[in-house]
Amino acid sequence: MSVSNLDDLKRQAALKAVDYVRDGMVVGLGTGSTAKHVILALGERIKKGLKIKGVPTSQETARLARKAKIPLLPDDAAWPIDMAIDGADQVDQRLNLIKGGGGALLKEKIVAAAAKRFIVVVDHTKRVPVLGGSFPLPVEIIPFGWANTAKKIEALGGTAVLRKRGGKIFKTEAGHYILDVNIARIDKPAELELQLNALPGVVENGLFVSRASLVIVGTPAGVEEQHAGH
Ligand code: 5RP
């Protein structure tokens, strides 16, 4: 399937997610190409009178949201987030996720954890029977002693690769590094999420376990919804 067709499936799923947004809500705004469709669709509804406030999960999302005329709450407010909407890199059958391909996993997890509902929007290629394999797990770490932290992470299983972009070490908005950890199968995501975060030097990891309330999937046969617990 071509990139533009996949992008259209992401857009259709994003439109469906935006149907759940109601007047007066505080909405967590995810990061990435799918979240961008969500922001654009919210912008269209705002033009027609929708009143919401947003909490962005990255500087790029904040920029897109301002362009779409979504009023944003300050970073240091105690946000009452009604609903967060975000993309994902992988989704398993229990609605557990891998996120962080775009490097925004830390803010994304804080916002998802603060939200009453967390809606995930993906195209069908992100669905997997078991997390891992084709997509490495992003782990955000402190630069100090990163090589030692990488060894501790590898001791839990997998091979850790320091993320680079354009030949330079990739830094997150918080100034951290990301290790992309290749793991053949993540059979126990809840356990691994906790084990990783217990290691000194690890800030957060891209496993989002039991967080999604609803996953909306754009497929060539139409948009499908899977609610948590069903
Ligand atoms: C960014 C993320 C994104 O949600 C994830 O990478 C999916 O991106 P896209 O919607 O562009 O496929 O976790 O940190």
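Please read all numbers here as calculations on a predicted model, not as lab measurements. Counting restarts for each chain, with residues numbered from 1 along the sequence as it is written. At least 70 in pLDDT is required for a residue's local features to be given in this predicted model, at least 80 for side-chain atom pairs to be given and counted, and no such filter applies to totals for whole chains, interfaces and linings, which use all residues. No hydrogens and no water enter the side-chain calculation; it runs on all heavy atoms of the structure.

## Examining the sheet that holds strand β8 (residues 159-162)
With antiparallel pairing, the four strands of this open sheet are ordered in space as β8-β11-β7-β12. Looking along the sheet, the strands with just one partner apiece sit at the ends: β8 and β12 (202-205). Recorded for the sheet is a direction-independent mean angle of 30° between the axes of neighbouring strands. The pairing criterion is simple: DSSP has to find at least two bridges between the two strands. Here a strand is any run of E in DSSP of at least two residues, a helix any run of H or I of at least four, and the numbering for each starts at the N terminus. Pairing geometry for strand β7 (residues 137-141) and β12, over three bridges, is antiparallel. From the neighbouring strand, Ile-141 faces β12, where its bridge partner is Val-202. Whether two residues are in contact is decided by their heavy atoms: any pair within 4.5 Å suffices. Throughout, an axis means a line fitted to C-alpha atoms (over the contacting stretch in the case of helices), and angles, computed between N-to-C directions, take values from 0 to 180 degrees. Set on the sheet, helix α4 (residues 105-114) makes contact with β7, β11 (177-182) and β12; between it and β12 the angle comes to about 65°. In the packing of helix α5 (residues 146-155) onto the sheet, the strands contacted are β7, β8, β11 and β12, and the crossing angle to β11 comes to about 25°.

## A short note on the packing of helix α1 (residues 3-18) against helix α2 (residues 33-47)
Running from amino to carboxyl end, α1 crosses α2 at an angle of 50°, the nearest separation of the two axes being 8 Å. Our classification of the angle between α1 and α2 gives oblique. Our pair here, α1 against α2, has a crossing hand that is right-handed. Contact with α1, carried on its side by Asp-7, Lys-10, Arg-11, Ala-14, Leu-15 and Val-18, involves Ser-33, Thr-34, His-37, Val-38, Ala-41, Leu-42 and Arg-45 of α2 and no other residues of that element. Classes in brief: Ala, Val, Leu, Ile, Met, Phe, Trp, Tyr, Cys and Pro nonpolar; Asp, Glu, Lys and Arg charged; the others, Gly included, polar. Of the residues in the contact of α1 with α2, the class split is six nonpolar, three polar and four charged. Oblique is the label for any angle not covered by the other classes, which are roughly parallel (under 35 degrees), roughly antiparallel (over 145) and roughly perpendicular (65 to 115). Two helices that cross are described as forming a left-handed crossing if the nearer one is turned anticlockwise from the farther one by less than a right angle, and a right-handed crossing if clockwise.

## Notes on the side chain of Asn-205
Take Asn-205: it is sitting in strand β12. Whether a residue is buried, partly exposed or exposed follows from its accessible area with a 1.4 Å probe, protein chains only, as a fraction of its type maximum: under 20%, in between, or over 50%, in that order. Judged by relative accessible area, Asn-205 falls into the buried class, the value being 0%. Definition of a polar contact: a pair of N or O atoms within 3.5 Å, with one able to donate and the other able to accept a hydrogen when the atoms are protein atoms, and with sequence-neighbouring residues admitted only if both atoms are side-chain atoms. One polar contact links Asn-205 to Asn-197, side chain to side chain, over a distance of 2.7 Å. Within polar-contact distance, the side chain of Asn-205 engages the backbone nitrogen of Leu-207 at 3.0 Å. For Asn-205, the residues in contact, after removing those within four places along its chain, are Leu-105, Lys-109, Pro-138, Val-139, Glu-193, Leu-196 and Asn-197.

## Quick look at the domain arrangement of the protein
Start and end points for every domain follow an automatic or database-based domain assignment. Taken domain by domain, the protein consists of domain 1 (3-128 + 210-220) and domain 2 (137-199). Computed from C-alpha coordinates alone, the two centres of domain 1 and domain 2 are separated by 24 Å. Listed by partner, the interface residues are 15 residues for domain 1 and 14 residues for domain 2. Accessible surface is computed with a 1.4 Å probe, and the buried area is the amount of it that two parts give up when combined, taken over both parts together. Between domain 1 and domain 2 lies a buried interface of about 900 Å² when both sides are counted; carbon and sulfur atoms form 53% of it. Between Lys or Arg on one side and Asp or Glu on the other, a salt bridge is scored when a side-chain nitrogen of the former is within 4 Å of a carboxyl oxygen of the latter. Counting the contacts that link domain 1 with domain 2 gives two salt bridges. Residue Lys-109 pairs with Glu-193 through a salt bridge whose shortest N-O separation is 2.6 Å. Applying the counting criterion to the domain 1 and domain 2 interface returns five residue pairs in polar contact (both at pLDDT 80 or more). Those elements that place two or more of their residues in the side of domain 1 that touches domain 2 are α3 (59-67) and α4.

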